[in-house]
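Chain by chain, the residues:
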Amino acid sequence: MSDRYASFAASGPGRALVKRFGLPQPPRLRRYRAGDSVVPGPVLVGGDGRLSGAIGKVLGSMGVEVRDPSTTPDQMVPGAEGTAPDPERIPLNAALVFDATGITASPGLRALYDFFHPYARALYPCGRVVVLGTAPERCATAPEATAQRALEGFVRSVGKEFGRGTTANLVYASPDADLESTLRFLLSARSAYVSGQVIRVGSGPGTAPANWDKPLADKVALVTGAARGIGTAIARVLTREGAHVVCLDVPAAGEALSTVANELSGTAFQLDLTAADAPARLAEHLQARHGGVDIVVHNAGITRDKTIARMTPELWDPVLDVNLSSQERVNQALLAENLVPRGGRLIGVASIAGIAGNRGQTNYATSKAGVIGLVQSTAPALAEAGITVNAVAPGFIETAMTAKMPMFVREAGRRLNSMNQGGLPIDVAETIAWLANPGSAGVTGNVVRVCGQSLLGA
């Protein structure tokens, strides 16, 4: 369903009215198109922490023009404390990247102000802000942990202040983290609807793909709930990235499922995941046809909405079974048969409802919070086997389901985020593609919201 308000606000008369009455102004988000460069312009890099060398190496491999905050003389003007950048003379940047790992106590947080204050207005539309830090639990001292935790408040505030489609995200990186896949994602148009997020990248080198345009070449990916909506978008993006996609959905969606699979030169597999023999049948199919599976995306999900007072077992049980228990059973079956190799990726689709809750959706919110729990509880053991497990948590996404919402609920979902608009299924799919990337080996145990920095939830 089209966003009529956003279309009106982008028109000439609409812009005037929106500005006059102080109404939300949804920016036109920059999304990835084939052939796009990773970053559309120069990147300003600051900070003097331990990751400076790694950041420079990654940006260099991307062919990005890197700028230093030490400005040239003609961009300086006298100030009370010497010289400062002249806002009228500062060239625009596509992104601001700051290495905050050198901040070891709260007074050091002044470095954030010193770097970002002069350049806050020197960003392209749909610019990118990335701050890199050390996870508080990894810090050597309490003052360092305090200062590093403070970065979250800063980054989330920047995401709400800068506007014009700018995203701001924080990456807590271990000393030997491979940052390339994550920085490529966060700096690119692929992360258009991902903002205000805290991402942890752990130890261990990723396997850089031979071709960053086809990073999933020779990989087999399973996408459940692939016949429509977000599932179809996920299947398309993973195919674009080079994977052979096994598209799974219930038999009732067989015709639509076959259409999607044929379009993508993938495989259609009709299966009710709640059937007692479903995990065994799926494992047998993947073993016989593909010798295993490299990427498993648990997207299948249903809603059966009622308040808990009016909820019946017939509404509660299937939601928990489809959205959560079936994921557990499938993972157990595939892992027991060693069908997910080292370097494998398990990715769940949670929801912002699992973080913030939602009236009339106790069953759905419980199931999606359970998906988050599944990620967090299984990540350590799977990491020992070289398998990552993560989840995405979509906010308001423009789908056939959200189009059926009451108008005022739908409009609230669209506007209550930093982007003042709903996301698109491809925004979820692009995030999943990053998690599936061979270079994302250090990204595990994460739950990444795809919500335009929703005002609801954490």
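Quick note: structure is the one above.
Residues numbered from 1 in each chain as written. Predicted model: local features only at pLDDT ≥ 70, side-chain atom pairs only at ≥ 80, totals over all residues. Heavy atoms only, no water.

**Q** Hey, could you run me through the pattern of salt bridges in this one?
**A** When their charged atoms lie close together, side chains carrying opposite charge are able to pair. Summed over all chains, the structure comprises 17 salt bridges. With a shortest N-O distance of 2.8 Å, arginine 240 and glutamate 430 are connected by a salt bridge. Residue arginine 240 is located in helix α7 (residues 229-240), and its partner glutamate 430 is located in helix α15 (residues 425-436); the two are separated by 190 residues in the primary sequence. Looking at glutamate 430, the relative accessible area reads 3%, which means it is buried. In this structure, the salt-bridge partner of arginine 415 is glutamate 411, at a minimum N-O distance of 3.0 Å. Residue arginine 415 and its partner glutamate 411 are located together in helix α14 (residues 407-415), separated by four residues, close to a single helical turn. Given a relative accessible area of 13%, arginine 415 falls into the buried group. Owing to a relative accessible area of 23%, glutamate 411 belongs among the partly exposed residues under this scheme. Bridged by salt links that share partners, the residues Asp3, Glu398, Glu411, Arg414 and Arg415 form one connected network. (Salt bridge = Lys/Arg side-chain N within 4 Å of Asp/Glu carboxyl O. Helix = DSSP H or I, 4+ residues; strand = E, 2+ residues; numbered from the N terminus. Buried < 20%, exposed > 50% of the residue type's maximum accessible area, 1.4 Å probe, protein only.)

**Q** Would you mind going over the pairing of strand β14 (residues 388-394) with me for this structure?
**A** A regular strand places its side chains so that they alternate between the two faces of the sheet. Most of β14 sits inside the fold, with seven of its seven residues counted as buried. Side chains Thr388, Asn390, Val392 and Pro394 of β14 all project onto a buried face; the interleaved residues Val389, Ala391 and Ala393 project onto the opposite face, where all are buried too. Strand direction decides the pairing type here: strand β13 (residues 345-349) and β14, joined by five bridges, are parallel. In the strand pairing of β14, glycine 348 is matched with alanine 391. (Pairing = 2+ DSSP bridges.)

**Q** Where do I start with the sheet that holds strand β12 (residues 295-298) in this structure?
**A** Pairing between the strands of a sheet comes from backbone hydrogen bonds, and it takes one of two forms, parallel or antiparallel. Overall, parallel pairing links the seven strands, which are arranged β11-β10-β9-β12-β13-β14-β15 in an open sheet. Of all the strands in the sheet, just β11 (267-270) and β15 (447-450) have a single pairing partner and so form its edges. Averaged over neighbouring strand pairs, the angle between their axes works out to 20° when direction is ignored. Examined bridge by bridge, β14 and β15 share four bridges and lie parallel to one another. Residue pairing across strands places alanine 391 opposite valine 447, the latter belonging to β15. Along the sheet, helix α10 (residues 313-336) makes contact with β12 and β13, crossing β12 at roughly 165°. On top of the sheet, α15 reaches β12, β13, β14 and β15; it is set at about 165° to β14, its chief contact. (Axes fitted to C-alpha atoms, helices over the stretch in contact; angles between N-to-C directions. Contact = heavy atoms within 4.5 Å.)

**Q** Please clarify how the sheet that holds strand β1 (residues 43-46) should be interpreted in this entry.
**A** As summarised here, the arrangement of the six strands in space is β2-β1-β5-β6-β7-β8, forming an open sheet in which the pairing is parallel. Edge strands, defined here as strands with exactly one partner in the open sheet, are β2 (66-67) and β8 (198-201). The pairing of β1 with β2 spans two bridges and is parallel. Looking at β2, one finds that leucine 44 is bridged to arginine 67. Relative to strand β5 (residues 93-99), helix α4 (residues 110-119) is tilted by about 175°, and along the sheet it contacts β1, β5 and β6 (123-133). Where helix α5 (residues 142-161) meets the sheet, it contacts β6, β7 (167-173) and β8, and its direction lies at approximately 160° from that of β7.

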